[in-house]
Structure formats: C-alpha cells, structure tokens
2 protein chains.
Amino acid sequence: MQTLDVALGERSYPIHIGASLLGDSALLAPFVGGRSVAIISNETVAPLYLPRVRESVQALGKQIVEVILPDGEAWKSAQSLERVYGALLAAQCDRHSTLLALGGGVIGDLAGFAAATYQRGVAFVQMPTTLLAQVDSSVGGKTAINHPLGKNMIGAFHQPRAVLADTTTLTTLPPREFAAGLAEIVKHALICDVAHLAELEAAQSAVVARDAATLARIIAHSCRIKADVVRRDERETLGIRALLNLGHTFGHAIETELGYGVMLHGEAVAVGCVLAAELSAELGHITAAEAERVRRLLAAFGLPTTLPPRPAARLIEHMQRDKKNADGIITLVLLKRLGEAYLERSVTAARLHDFLERHGARSDAARHHDRSPT
Amino acid sequence: MQTLDVALGERSYPIHIGASLLGDSALLAPFVGGRSVAIISNETVAPLYLPRVRESVQALGKQIVEVILPDGEAWKSAQSLERVYGALLAAQCDRHSTLLALGGGVIGDLAGFAAATYQRGVAFVQMPTTLLAQVDSSVGGKTAINHPLGKNMIGAFHQPRAVLADTTTLTTLPPREFAAGLAEIVKHALICDVAHLAELEAAQSAVVARDAATLARIIAHSCRIKADVVRRDERETLGIRALLNLGHTFGHAIETELGYGVMLHGEAVAVGCVLAAELSAELGHITAAEAERVRRLLAAFGLPTTLPPRPAARLIEHMQRDKKNADGIITLVLLKRLGEAYLERSVTAARLHDFLERHGARSDAARHHDRSPT
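Please read all numbers here as calculations on a predicted model, not as lab measurements.

**Remarks on the overall build of chain A**
Looking only at helices and strands, chain A features 15 helices and 11 strands. Taken against the 2.2 N^0.38 rule, which gives 21 Å for 374 residues, the C-alpha radius of gyration of chain A at 20 Å falls within 12% of a compact globule. Long-range contacts, defined here as pairs at least 24 residues apart, represent 75% of the contacts in chain A between residues at least 6 apart. About 12,800 Å² of surface is accessible on chain A, with carbon and sulfur atoms providing 53% of the total. Side chains of chain A carry 38 positive and 39 negative charges; the gap between the two charge centres is 2 Å.

Have a look at this one:
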C-alpha cells in the first residue's frame, strides 16, 4: 500500500492506494465517528463491492444506511441527492454520521455534496472504484451535482476524511470506463509533468493490459500531481487549480450538448484535451507534431479524439456558462508547452466558433446570432 | 447608523444598522464584485423595497437578475432553491456574481444557501427586512432550506459579505412578524445577558409601540450578543453556538408537526423558550417564578406561550431528528439561570413525553411504542 498526504492544514487527509483496501476495517476505523455510517453506491458497483465494505463497517459496530442509486452521469442530479437526504433523515443520521462514497466520480461528487450539505456538513470518505475517481475526482474536495443547464453547477468544496483507492476494483472496470480514467492521467501529465507523459507513452501496452504494478505506479504519480495542485490552491482562487480543467471547458460543453451519460466524462475530456492541444498549436505555443503526440496517446488508450458533429454555436453557448469565466469572457486552459498549462482569456467567441467548425463541429443557421459579442 | 463587526478572520464582515440603508448604493458598493447581481426576494417584500435596492444596484452599473418567490416558510424548499439556480444559470451568472437576500429569515437562509452552493460558492449580502432576520438569522452564516422530514436539515455555513439592516423596513412589518422577532431578542437575553432581559421588560411599551430609537438600540444589543457567540464558535463545534438554539428543539418540532408556515418560526421559538424555562424549573435550575417571568414577557410581546395540542410522541419523534443530537440522545438547550443557557443531554424521551403531556401536548394511543428506548 502507498500513502500520500493531501496537505491542507486541519483539513489534511491521506490517500491510501493499494490492493484489497475496501475490506480493511482497521484502515477505515480512524475516519468514521458517530453512531451511523451511510454507504452511497450504485447498482453496478454495489453487487461487486458493497458486501465487503458493509462487513468492514459492521465490524466497527456502526448502524448502516445504504443508498444504491442507478448507474450513470444522468443520476448526478438533484433527484438523487434528495434520495440520499431522505434516507439519512429517515435513519435519523446526525452530524456525527459519516458518508462513504463507494463508486466512481458520479457517486463521489454526489455523496460528497450530500455530506457537505446534510445538516450543514458531515464527514465523508471516498472509496473510488474507477480509475478516473482514483486519480482525479475523489482527490481535492470538489463536490457537485449537475443541473440541466450545466455540469457541476451546484456544489461545494468539502474535503473527505480519507481516500481509500482499492486498485483491485480496476479489474472489473469496463474498457470505456478504464480508458476514461486514463484521459485524466494524461491530462495531469500535460498540465505539469511532461516526464510523466513520456512514462505513459513508454508504458503504453502495460497500461492497456492493466498490469497491476504499472497501474499502482501511475495512479500514485497522478494523485501526487493532483494533490500538489490542490494544496497550492484549495478553493481555486489563485488560477492554479483551474489548470486541472484542461480539456474540461470543451469537454463539459460536449457532455451538456449530448446529454449527460452519452459520452463518458473522461471521453469528453480526451476530446477536450485534443482540442486544447490543437488550439494551443494554432496559437503557436506548441507544434502541430506535439498536438498530434497528445492525440496519438489518447487514441492509443482507446479514447475518442474528435468532436461529435454538433452545432458550434451550441457548444459555445455551453462554454459561456463555464464556472471559470468572469465578466462573460470564456476562460480556456491551454498549453504553453507540453507539461505546462495556462489560463487563456483572449480567444473570442467568434474565433472559437471558427476553430470548432474546422475541428468537426457543425456550422449552423443561427451562426450570425451566436457570434454576436458577449 | 451603527456598525458592528462579526470578527471571523478573513471571513469577517460588518453589520450596518440604521434607517434607509437599502437605497444607499455607496454603502453597498464595496460588497458587490463581478458583473451581475441577483436580488432574491419575496412577493410581500419586493413591492415595498425592491425598487430602491434595484436603483442602488443599477447605480453601480451591474446587470440585475431578480427572483421573487412566494412568501412564507413553506417556500424555503428545494423547489425554490431550484428556481434561484435556474435564474442564475439562465442569466449566466458566474462565480464573481453577488446574491442579495432582500427579505426575512426564509429569504436570507435560502439565498444564502444558494450562494453557498452555486458554482461551489459565490458572495452574498444580507438585507434583512424583518426584526427576526435583523437580530438573528442574517447574522452568523447559517444557511439552509427545509426538508419535508425536518427544518433546516440541508444547509451550509457561508458567511455574508455584509449585513445591511434597514430599520425603516420594520414600520411595515405585520404584528405577528414583529412579535416573532422579539422572541429571538428575548431568547438572546435569556442565553447570556440577563441585564438585557430587564431592559426589555423596562422598555416593554416603547418596544411594542415600535419606537424607532428603542428598536435601534435593542437590535444593536441583540446583534452584539449573537455576533459574539458566533465569533467564539463559528461552526457550532464547541457547544457555545448551539446555545442559540434555546427554544428551538421544541420550536422546530412544533413547526414540523404543524407544517411549515402555520406558526411563525419566532412564535414556535417563543413557545419553545417557555417550555425550556419550565423544564429548567422542573430540574431545579430556575424558580417557577422566573419561568413565569419569561412567559409573561413573551406574552406581553404578543407571542403564543402554550403548546398546540398535538401528540407528544410525534413531537418527540421530530426532536429526535434535531441536528444537535449525537448518538440518538436528544440534546436540549436549557437554563442554568436566567442569562445562562447550557446543553442538557440527560432528559430521557420518556421524561420529555410526560413533560410535554403536562404542558399541553396530547397523549396518544401509540404512546407505548414511542416511549421505546432510542
């Protein structure tokens, strides 16, 4: 087992990474106070891993509440949140109760937001069972639900008490979900660690074969990158943490436009990373060959790399609602070079429109309207 | 104008109390950054005060979004919250937008929670227009909405940037609402300032006549008590802030049992304070005459002081969901003496049941069930 620390003063917490952590009740014990523990999971993950988590909680003598939601991004909703609140209240969970988020990013974000807001905040532990959640969403305390008008629009910063990343769970992960996690790993490397990018290229076939030792190594490396960024800018106010949104402005727009759950979050981020690299090349920061290097690695990991043919104007509309924006100006995360991301605020909606049309988006009749200045 | 400071480090903020503050755009200016301002109000308050607030925001050159909700505790709901989120998103409000809560406790709590959770947190300013909100709910950063299973069950700690308490708004306050605010003022005195209790008794007729100078004085005094408690225990983890819940464990149970909005929050708190005083007398902490002194002042302020005839078991069920509880034990705030509250955790559900039956609650067939240990 490897342990990293997310150093955030009194909100610091450990990330434990290793095989078969979920059944380890001694590992869990320090993080669950109070009388009751609520396990939030989904219909795909629960049959596989809930029994061992339940057992380890029972061994600690806790009352257990279980909320099993349907699987998928479409359920990261106000309705699911209400189901969690209702179950907690019906079981008379109090401020000392602990929530366990057992699942991928959807469960982690939703359970984390429930923990942030139930009785004005209770403790929670992340038990990520997808690669994406293990390297990204379970680390850093961003919690949220989606809104029909935008992804992650409703949320809070609420750090977990611990992250228990059980690498054994990756063996049951469907290929698309596995690849989606790799997209975030590539993203972390692109943002601030070009050496890790080279490692990923070198280890490409071992990664795709899900070699256990290789995965443990790259997960720990990727978590370390993320934890370091979070440590430097916990609440995303300094323009550092925002860099983790590389590929996300495009990615969120794609997800919102397609409807949640059609494309996986990591898949949309992969397309977004390719677009960010290509736009960075157009701006002269990186070469076309470097942009192609990014595309090639993501494609090798089984990820989509082209924009679905949706109207450019609609995508831009979604991007204009992005949380990074200020004063109506679209803020993009682009690459100064491979391994160094930066915030770009000077690309106009009109230029973006042309860029998207040249990269697979549909042109549209409403174009003259949508190109009006914002 | 009087100004107090709520001293909370980087989250410190001023409370301005005085006549005609709502139209003062210079007073507002330091607290609204960004491009857009969302004013959240209700159908009763908006016709009276929205025009002058709108004008002062317009004078600052901001884009304005207005969300006018129906009036009443029943609207402190997930549905209303969704209306606010929808309006903010439709207007493309970003993280730099500011919410203004123009109304009573319901609007302040709801708009505050919307601000706490919109895009993981935006700034907000409290503009309380009821006495209750001016002395209590707008100060201290507790935000929340109700859940069908309990009051204020979903919420967050999120401090405002400023509180602008315009005492002119009290002239239009209906008598019941005015009295409801006095209940919280009496409550503050009971918790930690017996001298203020005597002042309130002495000023009784000037208070009831809404004498402007008298009101400004007691509002400032009451805010000072509240701000001091909040300063010592911002997130209610030290057992100090919890004392502000004097009368609230009973009060919330009454409100939940009757359905939100039947009895005003302050009215329920008045009944709760009387019950807390009477139980404190039964436990030998204060005399029956002192409990009667509490009841008499609240009655003189036009407040209800007796429990509505609802089943004791139902009330206890609601109390068992109270946020102050831990490990299933009901935590009450009682009086060690007048001007000194404390947390009491040794009164059993059975004893409470008998107490409530002797103080106006109905006995009930299901009693044997509800008295089972918890």
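On we go from here.
**Let's talk about the domain arrangement of chain A**
Residues and elements named next belong to chain A. Split into domains, chain A comes out as domain 1 (2–171) and domain 2 (175–369). The C-alpha-based centres of domain 1 and domain 2 are spaced at 26 Å. On the domain 2 side, the residues contacting the 34 residues of domain 1 number 36 residues. Summing the contributions of domain 1 and of domain 2, the shared interface buries around 3,000 Å²; its carbon and sulfur component is 63%. Its largest share of buried area at the contact with domain 2, domain 1 owes to Leu-131, Val-135 and Lys-151, together 21% of the area lost on that side. Scanning the region where domain 1 abuts domain 2 turns up 5 salt bridges. With its nearest N and O atoms 2.7 Å apart, the salt bridge here joins Arg-11 to Glu-234.

**A word on the relation of the copies chain A and chain B**
If you rotate chain A by 180° and push it 0.0 Å along the axis, it lands on chain B with an RMSD of 0.0 Å. In short, the pair behaves as if placed about a two-fold rotation axis.

**Structural notes on helix α4 (residues 105–117) of chain B**
Residues and elements named next belong to chain B. An ideal rise of 1.5 Å per residue puts 18 Å on 13 residues; α4 measures up with 18 Å between its terminal C-alpha atoms. Here α4 lies mainly inside the structure; 13 of its 13 residues are buried. Among the residues trailing α4, Gln-119 stands out with phi positive, at a value near 50°.

**A look at the nonpolar core**
Residues and elements named next belong to chain B. Counting 79 residues, the largest nonpolar core has Leu-131, Leu-190, Phe-250, Leu-298, Leu-332, Leu-352 and Leu-356 as its most contacted members. Ranked by the residues each element gives to this core, the list is headed by helix α11 (residues 265–282), at 11 residues. For this core, the domains that each give at least three residues are domain 1 (2–171) and domain 2 (175–369). Here Leu-352 is in contact with Phe-250, Leu-279, Ile-316, Met-319, Ile-330, Leu-332 and Val-347, once residues within four sequence places are set aside.

**Let's talk about the packing of aromatic side chains**
All names here are of chain A. Counting across every chain of the model gives 2 aromatic pairs over all chains. The interplanar angle of 40° and the centroid separation of 6.2 Å between the aromatic rings of Phe-250 and Phe-355 together place this pair among those described as tilted. Remark: Phe-355 occurs in helix α14 (residues 349–358) and Phe-250 occurs in helix α10 (residues 248–258); sequence separation between them is 105 residues. Classification of Phe-355 by relative accessible area gives buried; the value is 0%.

**Remarks on the interface of chain A and chain B**
Chain A puts 39 residues into the contact, and the matching count from chain B is 40 residues. Our count for the contact surface shared by chain A and chain B stands at 2 salt bridges. Linking Arg95(A) and Glu236(B) is a salt bridge whose minimum nitrogen-to-oxygen distance equals 3.2 Å. Counting every contact that joins chain A to chain B gives 14 residue pairs in polar contact (both at pLDDT 80 or more). For the side of chain A that touches chain B, the secondary-structure elements that each account for two or more residues are α3 (78–90), α4 (105–117), β7 (142–147) and β8 (150–157) of chain A. Here the side of chain A that touches chain B gets 6 residues from one element, more than from any other, and that element is β8(A).

**Comments concerning α3(A)**
All names here are of chain A. Taking 1.5 Å of rise per residue, 13 residues should cover 18 Å, and α3 covers 18 Å from first to last C-alpha, within 8% of that figure. Residues of α3 that are buried: Ser-80, Leu-81, Val-84, Tyr-85, Gly-86, Leu-88 and Leu-89. Positioned one or two residues after α3, Gln-92 has a phi angle of 55°, which is positive.

**What about the pattern of salt bridges?**
All names here are of chain B. Tallied over the full model, the rule gives 44 salt bridges over all chains. Close ionic contact of Glu-201 with Arg-293 constitutes a salt bridge, the shortest N to O distance being 2.8 Å. Here Arg-293 lies in helix α12 (residues 288–300) and Glu-201 lies in helix α7 (residues 194–202), a separation of 92 residues in the sequence. By relative accessible area, which is 24% here, Arg-293 ends up partly exposed.

Calculation rules
Residues numbered from 1 in each chain as written. Chains lettered and ligands numbered in written order. Predicted model: local features only at pLDDT ≥ 70, side-chain atom pairs only at ≥ 80, totals over all residues. Heavy atoms only, no water. Helix = DSSP H or I, 4+ residues; strand = E, 2+ residues; numbered from the N terminus. Rg over C-alpha atoms; globule rule 2.2 N^0.38 Å. Contact = heavy atoms within 4.5 Å. Areas by Shrake-Rupley, 256 points an atom, 1.4 Å probe, with all protein chains shown as cover. Lys, Arg positive; Asp, Glu negative; His and termini not counted. Charge placed at Lys NZ, Arg CZ, Asp CG, Glu CD. Domains from an automatic or database assignment. Buried area = accessible area lost by both parts, 1.4 Å probe. Salt bridge = Lys/Arg side-chain N within 4 Å of Asp/Glu carboxyl O. Least-squares fit on C-alpha atoms with pLDDT ≥ 70 in both. Expected span 1.5 Å × (residues − 1). Buried < 20%, exposed > 50% of the residue type's maximum accessible area, 1.4 Å probe, protein only. Core = buried A, V, L, I, M, F, W, Y, C linked by side-chain atoms within 4.5 Å. Phe/Tyr/Trp six-rings, centres within 6.5 Å; stacked < 30°, edge-to-face > 60°. Polar contact = N/O pair within 3.5 Å; in protein donor to acceptor, adjacent residues only side chain to side chain.

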